[in-house]
Amino acid sequence: MISKYAIAIHGGAGVISRSTDPERIESYKIGLTEALQAGVLVLKSGGTALDATIEAVRSMEDNPLFNAGVGAVYNADGKHELDASLMDGNNLKCGAVTGVKTTKNPILLAKKVMEESEHILLCGDGADKFASLHGLEQVENYYFDTEYRYNAWLKAKSEGKIILDHTADSNVSLGTVGAVALDIKGNLATSTSTGGMTNKKFMRIGDTPIIGAGTYANNETCAVSCTGIGELFMTGCTAYDIHAKMTYLGLGLEDAADYTIGELPDGAGGFIAIDNNGTIVMPYNSLGMFRGKADSSGLIEVAIWE
Ligand code: ASP
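A short tour of the structure in this document, coming up. From a predicted model like this one, the values you see are computed outputs, not experimental measurements.

Turning our eyes to something else, we now look at the packing of aromatic side chains. In this structure the tally under the stated criterion is 6 aromatic pairs. Aromatic side chains tyrosine 216 and tyrosine 240 sit 5.1 Å apart centroid to centroid with 85° between the ring planes, which places their arrangement in the edge-to-face category. Of this pair, tyrosine 216 sits in strand S7 (residues 215-217) while tyrosine 240 sits in helix H7 (residues 238-248), and the two are 24 residues apart along the sequence. Pairwise contacts between aromatic rings join Tyr74, Tyr150 and Trp153 into one cluster. The cationic tip of arginine 24 hangs over the ring face of tyrosine 148; the distance from NZ or CZ to the ring centre is 4.4 Å.

Shown next, in the form of structure tokens:
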């Protein structure tokens, strides 16, 4: 029986200005710390890696600073369409949702899809209907609104751009959220949730709800959650690719992660990953990535650029 546990989280990668208001940066750090604490609470009491990642992600979905749940970015129609997925490395079970418009916590819906359906990925109205049928809280789409994401959308729209929700020249930063964990039984799991990219086309689907692209976990190797330009992670099957490098090339997590981040185009973003020894990597090739880690030794730390 393994008795150590560990968890890592991200709150989005991108071009985050170091001159962002220090108070705002501090509130992001508090949000990351709260998410880590939510995950640690589960792991410490002997809970599963999967539940720890869900609780960490749910905490960030409920925090308007992050681009997931409340605070999600706007699409080209000025609406929110949310994506989420999770995977249990113990049995390779997974669940995912995309284009969700009224379900308050998409990560809870991804879990329901995994546990209560014969499917892996549900989309749009069907996903929200499934959430209602299973008693998950529903909200109006405007529940996800925030003024700063709205302003970011107006700017992106006027410039005809589709952007990560991190821009160096504004205070609008932070993004997609994710968590990976190792529990005391040696199981690995991952969860990822996002509003996607600002001004994305209506019903655009990124890497987050695609198992193997933005999210992957396997007890034999690692658990991974990606953040950044989704289309690049889809092209590279990035989350699965790290597992594949460990499996087929016999690489350790650190080497596999270095290899993979080196293959991604500059500015693509980054990922967090953990192996079955509790080794954590959090590489990125954007200017920053909000991230943090905690483990059974009492370590708890968050970082943005350093
Ligand atoms: N990967 C997400 C997407 O493309 C965006 C992000 O990570 O910020 O939808």
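Don't stop here, the text continues.
We now examine the site of the ligand. Taken together, 11 residues lie near the ligand, and Thr176, Arg204, Asp207, Thr227 and Gly228 sit nearest. Separating an oxygen atom of the ligand from a side-chain N or O atom of arginine 204 is a distance of 2.7 Å. At 2.7 Å from a nitrogen atom of the ligand is found a side-chain nitrogen or oxygen belonging to aspartate 207. A total of 270 Å² of accessible area belongs to the ligand in isolation, and the protein chains cover 100% of it. Looking at the shell around the ligand residue by residue, the classes come out as 2 nonpolar, 6 polar and 3 charged.

Take helix H3 (residues 106-116) next. Along H3, the positions that sit buried rather than exposed are Pro106, Ile107, Leu108, Leu109, Ala110, Val113 and Met114. On its buried side, H3 packs onto helix H2 (49-61), strand S2 (82-88), strand S3 (93-100), strand S4 (121-123), helix H4 (124-133) and strand S6 (188-194).

Attention now moves to the packing of helix H1 (residues 22-44) against H2. For the pair H1 and H2, interaxial distance at closest approach is 8 Å and the crossing angle is 155°. If you check the angle between H1 and H2, you find them roughly antiparallel. In the crossing of H1 with H2, the sense of the turn from one axis to the other is right-handed. Contact with H1, carried on its side by Leu32, Glu34, Ala35, Ala38, Gly39, Val42 and Leu43, involves Ala49, Asp51, Ala52, Glu55, Ala56, Ser59 and Met60 of H2 and no other residues of that element. Considering only residue class, the contact of H1 with H2 consists of 9 nonpolar, 2 polar and 3 charged.

Moving on, we get to a nonpolar patch on the surface. A surface patch of nonpolar side chains, amounting to about 450 Å² of accessible area, comprises Tyr240, Tyr248, Leu249 and Tyr259. With respect to the helices, strands and loops of the structure, tyrosine 259 is situated in helix H8 (residues 253-263). In this structure tyrosine 259 comes out as partly exposed when scored by relative accessible area, which is 42%.

Turning our eyes to something else, we now look at the environment of valine 139. Assignment of secondary structure puts valine 139 in the loop between H4 and helix H5 (147-159). Once the C-alpha coordinates of valine 139 and lysine 101 are considered, the two residues, 38 residues apart in sequence, prove to be 8.4 Å apart. Residues in contact with valine 139, not counting those within four places in the same chain, are Lys101, Thr102, Lys104 and Phe144.

Cut-offs applied
- Residues numbered from 1 in each chain as written.
- Predicted model: local features only at pLDDT ≥ 70, side-chain atom pairs only at ≥ 80, totals over all residues.
- Heavy atoms only, no water.
- Phe/Tyr/Trp six-rings, centres within 6.5 Å; stacked < 30°, edge-to-face > 60°.
- Helix = DSSP H or I, 4+ residues; strand = E, 2+ residues; numbered from the N terminus.
- Lys NZ or Arg CZ within 6 Å of the ring centre and 35° of its normal.
- Near = heavy atom within 4 Å.
- Polar contact = N/O pair within 3.5 Å; in protein donor to acceptor, adjacent residues only side chain to side chain.
- Areas by Shrake-Rupley, 256 points an atom, 1.4 Å probe, with all protein chains shown as cover.
- Nonpolar A, V, L, I, M, F, W, Y, C, P; charged D, E, K, R; others polar.
- Buried < 20%, exposed > 50% of the residue type's maximum accessible area, 1.4 Å probe, protein only.
- Contact = heavy atoms within 4.5 Å.
- Axes fitted to C-alpha atoms, helices over the stretch in contact; angles between N-to-C directions.
- Parallel < 35°, antiparallel > 145°, perpendicular 65-115°, else oblique.
- Left-handed = near helix turned anticlockwise from the far one by under 90°.
- Patch = residues over 30% accessible without salt bridge, like charges linked within 9 Å, V, L, I, M, F, W, Y side chains within 5 Å.
- Salt bridge = Lys/Arg side-chain N within 4 Å of Asp/Glu carboxyl O.

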